[in-house]
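Spelled out from the first residue to the last, the chains are:
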Amino acid sequence: MNSSNRDCDALERLRSAIQAAERTAGRMPGCVSLLAVSKGQSAESIAALVACGQRRFAESYLQEALVKQEVLAKMAVNPPLEWHFIGPIQSNKTRKIAETFDWVHSVDRLKIAERLNEQRPESRGVLRVFIEVNVDNSVSKSGVAPEAAAALIAACQALPRLCVVGLMAIPAPGQVDGFARLAALNAQLLAPLPMLSMGMSADFPAAIAAGSTHVRIGTALFGARRVQVPRSPQTH
Ligand SMILES: *Cc1c(COP(=O)(O)O)cnc(C)c1O
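Residues numbered from 1 in each chain as written. Predicted model: local features only at pLDDT ≥ 70, side-chain atom pairs only at ≥ 80, totals over all residues. Heavy atoms only, no water.

A. Broad picture of the overall build of the protein. Looking only at helices and strands, the protein features nine helices and eight strands. Computed over its C-alpha atoms, the radius of gyration of the protein comes to 17 Å, within 12% of the 18 Å expected for a compact globule of 236 residues. Taking the principal axes of its C-alpha atoms as reference, the protein extends roughly 50 × 40 × 30 Å. Expressed as a percentage of its 236 residues, the buried residues of the protein come to 49%. Look at the contacts in the protein between residues 6 or more apart in sequence, and 61% of them connect residues 24 or more apart. Charge separation in the protein, taken as the distance between the mean sites of 26 positive and 20 negative side-chain charges, equals 2 Å. (Helix = DSSP H or I, 4+ residues; strand = E, 2+ residues; numbered from the N terminus. Rg over C-alpha atoms; globule rule 2.2 N^0.38 Å. Buried < 20%, exposed > 50% of the residue type's maximum accessible area, 1.4 Å probe, protein only. Contact = heavy atoms within 4.5 Å. Lys, Arg positive; Asp, Glu negative; His and termini not counted. Charge placed at Lys NZ, Arg CZ, Asp CG, Glu CD.)

Below, the structure is given as structure tokens:
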């Protein structure tokens, strides 16, 4: 590890903060995985973090991610990079997502899950998915309604190329009780799922206290997003 590298300092600080939150919450040390949210960041910034040892990266916009994945693939690092898709999914994007990502955190309807299952190449093994839940029950946001989550999980568990690993939520800013609501929803399932994807730069200690296993952190790691995030038109 190159400790004179500014990017490594930010990563080390964040890892320490995650460890501190694990300790405070009485959680097992190392039980929370850090996903570096690299949307709006350049391939060079990602490469700098890779050089510091970070392997798990998360992207929200497919076109932007594909360009950077291609650049980063040339680094051929070992162990390899792990790519997590965390953005809203339009049905015309599922094929590429199934082909190029290892995990998807934003499955919120069966049609998308079915397409990912059909389009997942056999050679890539199972696609790990989180079911996104709208814990605030707001009309405008993505995520399945809490009362419909159990049925969606069961339907997704019948799809052989998907492995449903857990639940994901993006509570409204400042609404940290959304984390406890997601954990409670999971605990009430007949068979609770092993993982919870929750917590971002501003609220990850609260998410860890509520049981998060995967925190998704961008700005606290990279600083402000530099690249203008492209928005493709809605197609359905
Ligand atoms: C952008 C984003 C993040 C990271 O947000 P930061 O505040 O930069 O840490 C996490 N999760 C999702 C779904 C995002 O879109």
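Further notes follow.
B. Inspection of the packing of aromatic side chains at higher detail. Within the structure shown, the criterion is met by three aromatic pairs. An angle of 85 degrees between the planes, with centres 5.2 Å apart, marks the rings of Phe85 and Phe101 as edge-to-face. Separated by 16 residues along the polypeptide, Phe85 in strand β3 (residues 82-85) and Phe101 in the loop between α4 (94-100) and β4 (103-107) bring together distant segments of the chain. The burial state of Phe85 is the same as that of Phe101; both residues are buried. Here Trp103 and Phe130 contribute two aromatic rings whose centre-to-centre distance is 6.1 Å and whose plane-to-plane angle is 25 degrees, an arrangement assigned as stacked. Here Phe130 lies in strand β5 (residues 127-132) and Trp103 lies in strand β4, a separation of 27 residues in the sequence. You can call Trp103 buried: its relative accessible area is 9%. (Phe/Tyr/Trp six-rings, centres within 6.5 Å; stacked < 30°, edge-to-face > 60°.)

C. Here's a closer look at the state of the cysteines. Applying the stated criterion to the full structure yields one disulfide. Across the disulfide from Cys8 sits Cys52; the S-S distance is 2.1 Å. Judged by the torsion about the S-S bond (-95 degrees), the Cys8/Cys52 disulfide is left-handed. With Cys8 in helix α1 (residues 6-24) and Cys52 in the loop between α2 (43-51) and β2 (56-59), this pair connects stretches of sequence that are 44 residues apart. (Disulfide = S-S within 2.5 Å.)

D. Quick peek at the site of the ligand. Inspection of the region around the ligand gives Val37, Lys39, Ser60, Ile86, Ile170, Met200, Ser201, Arg216, Ile217, Gly218, Thr219 and Arg225 as its neighbouring residues. Interatomic distance of 2.9 Å between a side-chain N/O atom of Arg216 and a nitrogen atom of the ligand. At 2.8 Å from an oxygen atom of the ligand is found a side-chain nitrogen or oxygen belonging to Arg225. Along the lines of polarity and charge, the residues of the shell around the ligand split into five nonpolar, four polar and three charged. (Near = heavy atom within 4 Å. Polar contact = N/O pair within 3.5 Å; in protein donor to acceptor, adjacent residues only side chain to side chain. Nonpolar A, V, L, I, M, F, W, Y, C, P; charged D, E, K, R; others polar.)

E. Spotlight on the packing of α2 against helix α3 (residues 62-73). Their axes nearest at 10 Å, the elements α2 and α3 cross at an angle of 45 degrees. In terms of orientation, α2 and α3 fall into the oblique class. Read as a crossing pair, α2 and α3 show a hand that is right-handed. Note on element contacts: α3 touches α2 through Lys68, Val71 and Leu72, opposite Ala43, Ile46, Ala47 and Val50. (Axes fitted to C-alpha atoms, helices over the stretch in contact; angles between N-to-C directions. Parallel < 35°, antiparallel > 145°, perpendicular 65-115°, else oblique. Left-handed = near helix turned anticlockwise from the far one by under 90°.)

F. Seen up close, the pattern of salt bridges. Here the structure, examined in full by the defined rule, presents ten salt bridges. The residue Arg56 makes a salt bridge to Glu82 at a minimum N-O spacing of 3.2 Å. Highlighted residues: Arg56 in strand β2 and Glu82 in strand β3, separated in sequence by 26 residues. Close ionic contact of Asp136 with Arg181 constitutes a salt bridge, the shortest N to O distance being 3.4 Å. On the criterion of sequence distance, the pair formed by Asp136 in the loop between β5 and α6 (149-157) and Arg181 in helix α7 (residues 177-187) is long-range, its members being 45 residues apart. (Salt bridge = Lys/Arg side-chain N within 4 Å of Asp/Glu carboxyl O.)

G. The nonpolar core, seen in detail. With 60 residues, the main nonpolar core has Phe57, Val104, Leu116, Ile131 and Leu167 as its most contacted residues. Among the elements that make up this core, the one with the highest residue count is α1 (five residues). When neighbours within four sequence positions are excluded, Phe57 is seen to be in contact with Ala36, Ser38, Ile46, Leu49, Val50, Leu81, Glu82, Trp83, His84 and Phe222. (Core = buried A, V, L, I, M, F, W, Y, C linked by side-chain atoms within 4.5 Å.)

H. Layout of the side chain of His84. Within the secondary structure layout, His84 lies in strand β3. Taking relative accessible area as the criterion, His84 reaches 0% and is therefore assigned buried. A polar side-chain atom of His84 sits 2.9 Å from a polar atom in the side chain of Glu82. In contact with His84, other than residues within four places in its own chain, are Leu35, Arg56, Phe57, Ala58, Glu59, Phe101, Trp103 and His105.

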